[in-house]
Amino acid sequence: MHPPFATAIRWSSVAAVLFALCAPAAYQPARAAESSIALNGGHAARFLAIGIGKSAVVDLPEDAKDVLVADPKIANAVVRSARRAYLIGVAAGQTNVIFFNADGKQIAAYDIEVGRDASGVREALRKMMPGANINVDMVGDSVVLSGTVANAADAQKVVEAATRLTGDVNRVVNGLTINGKEQVLLKVTVAEVQRTVLKQLGINLNGSNIAIGKNIINFNSDNPFSVQNQTISNSNLTPTFPVQGGSITASLRAMEQSGVMRTLAEPNLTAISGESAKFLAGGEFPVPGGQSCDQSGTCQIQIQFKQFGVGLEFTPIVLSEGRISLKIGTEVSELSADGAIKLTSITIPALKVRRASSTVELPSGGSLALGGLLQEQTKQNINGIPALMNLPVLGPLFKSRDYQTGQTELVIIVTPYIVNPAAQRELSRPDDGFADPTDPQTVFLNQLNRTYGLRGTADARSYRGNYGFIND
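Just so it is clear, the model here is predicted, and its values are computed rather than measured.

Cut-offs and rules
Residues numbered from 1 in each chain as written. Predicted model: local features only at pLDDT ≥ 70, side-chain atom pairs only at ≥ 80, totals over all residues. Heavy atoms only, no water. Helix = DSSP H or I, 4+ residues; strand = E, 2+ residues; numbered from the N terminus. Buried < 20%, exposed > 50% of the residue type's maximum accessible area, 1.4 Å probe, protein only. Contact = heavy atoms within 4.5 Å. Areas by Shrake-Rupley, 256 points an atom, 1.4 Å probe, with all protein chains shown as cover. Patch = residues over 30% accessible without salt bridge, like charges linked within 9 Å, V, L, I, M, F, W, Y side chains within 5 Å. Salt bridge = Lys/Arg side-chain N within 4 Å of Asp/Glu carboxyl O. Pairing = 2+ DSSP bridges. Axes fitted to C-alpha atoms, helices over the stretch in contact; angles between N-to-C directions. Expected span 1.5 Å × (residues − 1).

*Asks:* Explain the overall build of the protein here, please?
*Replies:* Each helix and strand counted, the protein has four helices and 23 strands in total. Counting all 472 residues of the protein, 30% fall into the buried class. At a minimum sequence separation of 6, the contacts of the protein that also span at least 24 residues come to 63%. When the accessible surface of the protein is split by element, carbon and sulfur atoms take 51% of a total near 30000 Å².

*Asks:* I would appreciate a short explanation of a nonpolar patch on the surface in the present structure.
*Replies:* On the surface, Leu388, Leu391, Val393, Leu394 and Leu397 cluster together to form a nonpolar patch covering roughly 430 Å² of accessible area. With respect to the helices, strands and loops of the structure, leucine 388 is situated in the loop between strand E22 (368-384) and strand E23 (399-419).

*Asks:* Is there a simple way to explain the pattern of salt bridges in this structure?
*Replies:* Side chains that carry opposite charge are capable of pairing whenever their charged atoms lie near each other. This model, assessed by the stated rule, comprises six salt bridges. Put simply, Glu192, Glu334 and Arg354 are held in one network by salt bridges that share partners.

*Asks:* For this particular structure, what's the right way to read the pairing of strand E6 (residues 75-81)?
*Replies:* Within a regular strand, the side chains alternate between the two sheet faces. As paired elements, E6 and strand E7 (residues 84-89) share six bridges and run antiparallel to each other. Following the sheet pairing, valine 78 is matched in E7 by tyrosine 86. Between E6 and E7, which pair antiparallel in sequence order, lie two residues.

*Asks:* How should I be thinking about the sheet that holds strand E11 (residues 142-149) in this particular structure?
*Replies:* Whenever strands of a sheet pair, they do so through backbone hydrogen bonds, lying parallel or antiparallel. Reading across the sheet, the three strands line up as E10-E11-E12 and stay open at both edges, with mixed pairing between neighbours. Lying at the two open borders of the sheet, with one neighbouring strand each, are strand E10 (133-139) and strand E12 (172-178). Across the sheet, the axes of successive neighbouring strands diverge by a mean angle of 10°, strand direction being ignored. Against the sheet, helix H3 (residues 152-166) contacts E10, E11 and E12, and its axis sits at roughly 160° relative to E11.

*Asks:* For this particular structure, what's the right way to read H3?
*Replies:* Three or four residues apart is the spacing at which side chains of an α-helix point the same way, because the helix has 3.6 residues per turn. Given a rise of 1.5 Å per residue, 15 residues ought to cover 21 Å, and the 21 Å separating the end C-alpha atoms of H3 matches this to within 8%. Within the span of H3, buried status applies to Ala152, Ala153, Asp154, Ala155, Val158, Val159, Ala162 and Thr166. Buried-residue contacts for H3 involve helix H2 (119-128), E10, E11, E12 and strand E19 (299-318). With its phi angle positive at about 85°, glycine 167 sits one or two positions after the end of H3.

Structure representation (C-alpha cells):
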C-alpha cells in the first residue's frame, strides 16, 4: 500500500486514451538537465529539471507496472507504453517520481525540480549578445545567471532580462563574470575663491559727574557689533570733553576688513568599474555626543568626530565603446564661527558646506564642469539707543553700524580615464632625488634641500611659469 502523500498510477488503457486525447500530434519534449543521486536501497535517482508547462520523455529499462508521484501538484506522470512515460511540470517546486516493475522492484527514480522555463530568455540574450557565454538556470522561482560578458553594461542587460522573467530583482542571482574588469581613474579639480568685506563703525559715550542743576548724571552707551558678535580690532579713538562738574568720553571705532581665500584640490582616484571610491582632504573636529555615567556617579563626555575639507565619492560603470557612466558627489566644507554653539566651557564650531552631486555619461578623457555654484551674502546690523539714534546729525553718536558682505564661486572639473596597471619603474614620487642639506649649507646658505630631482631626467619641452612644489 502506498503512503497517503503519494499517488500511485497503474498502467491502464484509460491513461493511454487520456494522453492520446491531450497530447499534441507532434510532441517535442523539452530539454532537461539530468544528474545521478544515490538512493537508499534502490537505483540511483536522476535529477531532472522541467519548466512549468513543459514535459520530458522517460524511457524505462524494463516494463513498468506502477508509478509513484510524491506531489502531483508539482509534477505529473503520464504513461504511453510499458517502457515510456512523460513527466509534465505543473507548478514550481520539487518532487520525485519512482517506477516499479510487476514484482514491486524499483526500476527507475527521478528527483524533479519544476521552475519557470528560461528558454525564451536564453534565446533573447543570444540575439542581443551573440558573443557572450551566458547560462540561465531556474531554481524554483529564482533565476541563477552564470557565464561571462564583455562589460558591466551587458551584465546589467542580462539582469534586467532575468528580472522581467521573475518579476522581482531579488529573485535574480547574478553570478556573471566580466571579461577584463576595467579600471577608471577620476581626476577632479576643485577650485573655489571667496572674498569678504567687513566694516564696523560705532561711537560709545561715557559721561561722569555731569551737573544739571542740582542733579549729577552718569551715563554709558556701549553699542555692540552683532554680525560677528565681536569687534575686528580693539583700536579706538577716545577723546575726552570736560563739562560742568565732570567729563564726557567718546570712543570712536571705525574699522574695515577685507579678505580673500582660495581653495584648490586635485584628488585622483582609481576604482574598478561598478565599485565606489572615496577621498577626503581635510580633517575631523570633536563634537560632544552626550554623557555616560557609571554607578558611582562619575560621568564622562562622549566625543564624536565630524569630517570637514574637500571630499569626493564616485562610482564608475564602464559602458561599451569606452564610454563611462559616472555617479559623482563632491563636497567642500570648512569650520565657521557663524552658527557655532557656545557651551559653558567649550565652543562647537559650525560648518560651511558646498555640495554637488550628479550622474553623467562621458567618454574616456572627456571633462565635465560643475559650475555656476555662486553665492553672495550681505549682512548689516545697526545697534543704538532708541529715539536718540534717529536724531539728525547727532544720531550717529548713539549707534553703531556693522556691515558684512561676501561672494563665493566654486567650480568642479571632473575627467574620467580608462586606465591599465603600470610598472613600478614608470611611476615617480614627489621625494625622488630629494636629499637633506648639511648643517653648514643650512646655517650659512639657508638651503632647505641639497638636491631635488635627478640630473638629466628633465623633459626637453619648455615650460612656462613655476612647476613642482619646491623652487630654489
